[in-house]
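# A closer look at the structure
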Amino acid sequence: MKPLRKNVAIAIDGGGIRGVIPAKALTMLEAEVGRPVHEIFRLCAGTSTGSILAAGIASGADAPSLLQMYLQLGPRLFHRSFWTMMWLFRGYRYSREPLVRQFGELVQNKSLGDLWNAFPSTALVTTTYDLVWNRTRFIKSWKNEYQSWSVVKAVIASSAAPTYLPVMDGRFTDGGVGSYNNPCFLAAYELTHFLRWKHSETTLISLGTGRPPEHVKVGEPDRYSAIQWLPKVLETHSQDASDQQVTLVKTMYPDIDFRRYQIDLERPIAVDDYGASSELLTYGEKMGHRLLKDQVDSVQRAPKRKAPKMNKASATRSSSRRQTSKSGNRKK
């Protein structure tokens, strides 16, 4: 693994239970550098499940504790019940109380102000979508208006995934609803314009939660029901926005040591599929090895189409046309 620079930041994507993937990778990072993650990162940015990990790190938790929390919390948070089946009538499937209790114990009910006023201070940034103001809001530990917020509140506001968990305070829903399910550009902007870190002295690590396979066939969307459309739109939007954020960081902040890590999933794994935990741990180990071997991800684009083959006669006619000037006369 290449040495980290003087200032190190981390940004972690949303993805529900797939947060097991970056959590596992972080345990391997800790073992490699010989320090807990909360001593490595001075800026932590996260969206949805990424906000849980980012806030946990900023609050002083180590990676094994975070991973263990995920493995224990999954069955409790995503417990199927009668109300899960009735989500169409009440708007969400699960209670957030298991997350509030277990994560609250981990972060010891700290406030955002506690994180910022600690020594050394840690900047925490989470995203949430404000349905009243109809825009994404960035919850920052250094802002006066948020310093009284508990770390738990910042996480609940960011991870209230539509149809899965209830809206918080009648207005806040999952930060991934906007364009920042991957908050790496937000982290780069924050360290540049607020923390004033020199790019030549900065490493930004960005961890994904798994890239779903391309499994939609031509014509398949024609048969989607209204219920099927919502998860498809959210998943597609968040993946496209995620790739855009990576491109923005690379383009606008080329001097930052930016390291993006992602894993291609062999099958779709729903955000509440805690039964896939062992599979996610395997993916997390793969991501950890990539992180330690500096095997960064590249933004996936549609494959290039091969140029059609031309027979000899077509090639001759094409060459002849290229040699014709704008006036229509042949060049000699």
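Residues numbered from 1 in each chain as written. Predicted model: local features only at pLDDT ≥ 70, side-chain atom pairs only at ≥ 80, totals over all residues. Heavy atoms only, no water.

### So, the overall build of the chain
A tally of regular secondary structure across the chain gives 13 helices and 7 strands. With 332 residues in all, the chain has 49% of them scored as buried. Of the contacts formed within the chain by residues at least 6 apart in sequence, a portion of 76% connects residues at least 24 apart. Of the roughly 17000 Å² that the chain leaves accessible, carbon and sulfur atoms contribute 52%. (Helix = DSSP H or I, 4+ residues; strand = E, 2+ residues; numbered from the N terminus. Buried < 20%, exposed > 50% of the residue type's maximum accessible area, 1.4 Å probe, protein only. Contact = heavy atoms within 4.5 Å. Areas by Shrake-Rupley, 256 points an atom, 1.4 Å probe, with all protein chains shown as cover.)

### A look at the layout of surface pockets
For the second largest pocket, the calculated volume is near 180 Å³. In terms of lining, the second largest pocket is formed by 14 residues, of which the most central are Arg 42, Ala 58, Ala 118, Pro 120 and Thr 122. Breaking the lining of the second largest pocket down by element, the ones donating at least two residues are α2 (37-40), α3 (49-58) and α8 (112-117). Of the residues that constitute the lining of the second largest pocket, the class distribution is 6 nonpolar, 4 polar and 4 charged. (1 Å grid on protein atoms, 1.4 Å probe; cavity = no way out; pocket = protein on both sides within 12 Å on 5 of 7 lines; lining within 4 Å. Points joined across faces, edges and corners; volume = space filled by probe spheres on them. Nonpolar A, V, L, I, M, F, W, Y, C, P; charged D, E, K, R; others polar.)

### Focus: the packing of aromatic side chains
Enumeration over the complete set of coordinates arrives at 7 aromatic pairs. When the centroid spacing of 5.6 Å and the interplanar angle of 45 degrees are considered together, the rings of Trp 116 and Phe 194 count as tilted. In this pair, Trp 116 is assigned in helix α8 and Phe 194 in the loop between α10 (184-193) and β6 (202-207), connecting sequence segments 78 residues apart. Relative accessible area serves as the criterion here: at 30%, Phe 194 is assigned to the partly exposed category. On the basis of an interplanar angle of 85 degrees and a centroid distance of 5.2 Å, the ring pair of Tyr 146 and Trp 149 is categorised as edge-to-face. The pair Tyr 146 / Trp 149 is uniform in exposure class, with both members buried. Chaining the aromatic ring pairs together yields one cluster made of Trp 116, Trp 142 and Phe 194. Taking the ring centre of Trp 149 as reference, the NZ or CZ of Lys 153 above it sits at 4.3 Å. Positioned over the ring face of Trp 133 is Arg 171, at 5.1 Å from the centre of the ring. (Phe/Tyr/Trp six-rings, centres within 6.5 Å; stacked < 30°, edge-to-face > 60°. Lys NZ or Arg CZ within 6 Å of the ring centre and 35° of its normal.)

### Some words on unusual backbone geometry
The linkage connecting Phe 119 with the following residue, Pro 120, adopts the cis geometry, with an omega of -5 degrees. You will see that Asn 134, though not glycine, has its phi angle at about 60 degrees, which is positive. Along the polypeptide, Asn 134 turns up in the loop between β3 (123-130) and β4 (135-140). For Asp 294, which is not a glycine, the phi torsion comes out positive at approximately 60 degrees.

### Things to note about the nonpolar core
Judged by nonpolar contacts, the single largest core of 63 residues is most densely connected at Leu 26, Phe 41, Phe 103 and Leu 112. Dropping the residues within four chain positions of it, Phe 103 is found in contact with Ile 52, Ala 55, Gly 56, Met 69, Val 151, Val 152 and Val 155. (Core = buried A, V, L, I, M, F, W, Y, C linked by side-chain atoms within 4.5 Å.)

### Notes on the pairing of β3
Of all 8 residues in β3, 8 are buried; the element is thus mostly enclosed. Of the pairings in the sheet, the one linking strand β2 (residues 43-46) to β3 comprises 4 bridges and is parallel in character. Along β3, the bridge assignment pairs Cys 44 with Leu 124. Hairpin connection from β3 to β4: 4 residues lie between these consecutive antiparallel strands, with Asn 134 at a positive phi of about 60 degrees. Note: β3 against strand β5 (residues 172-174), 3 bridges, orientation antiparallel. Bridged to Thr 128 within β5 is Asp 174. (Pairing = 2+ DSSP bridges.)

### Focus on the side chain of Asn 182
Mapped onto the elements of the fold, Asn 182 is located in the loop between β5 and α10. The exposure class of Asn 182 is buried, given its relative accessible area of 0%. In this structure Asn 182 touches Asp 13, Ser 206, Ser 242, Gln 245, Val 246 and Arg 260, once residues within four positions along its chain are discounted.

### Examining helix α1 (residues 20-33)
Over its 14 residues, α1 extends 20 Å from the first C-alpha to the last, a length consistent with the 20 Å expected when each residue adds 1.5 Å. Taken across its 14 residues, α1 has 10 buried, putting it largely inside the fold. Taken together, the buried positions of α1 are occupied by Val 20, Ile 21, Pro 22, Ala 23, Ala 25, Leu 26, Thr 27, Met 28, Leu 29 and Glu 30. On its buried face, α1 sits against β1 (7-12), α2, α3, α4 (63-77), β6 and α12 (277-292). Trailing α1 by a residue or two, Gly 34 shows a phi angle of about 75 degrees, which is positive. (Expected span 1.5 Å × (residues − 1).)

### A look at the packing of α3 against α4
Contact pair α3 / α4: the axes reach a minimum separation of 10 Å and the direction vectors enclose 145 degrees. Seen along the crossing, α3 lies across α4 with a hand that is right-handed. Residues Thr 49, Ile 52, Leu 53, Gly 56 and Ile 57 of α3 form the contact with α4, whose own contacting residues are Leu 66, Met 69 and Tyr 70. Grouping the constituent residues of the contact of α3 with α4 by class yields 6 nonpolar, 2 polar and no charged. (Axes fitted to C-alpha atoms, helices over the stretch in contact; angles between N-to-C directions. Left-handed = near helix turned anticlockwise from the far one by under 90°.)

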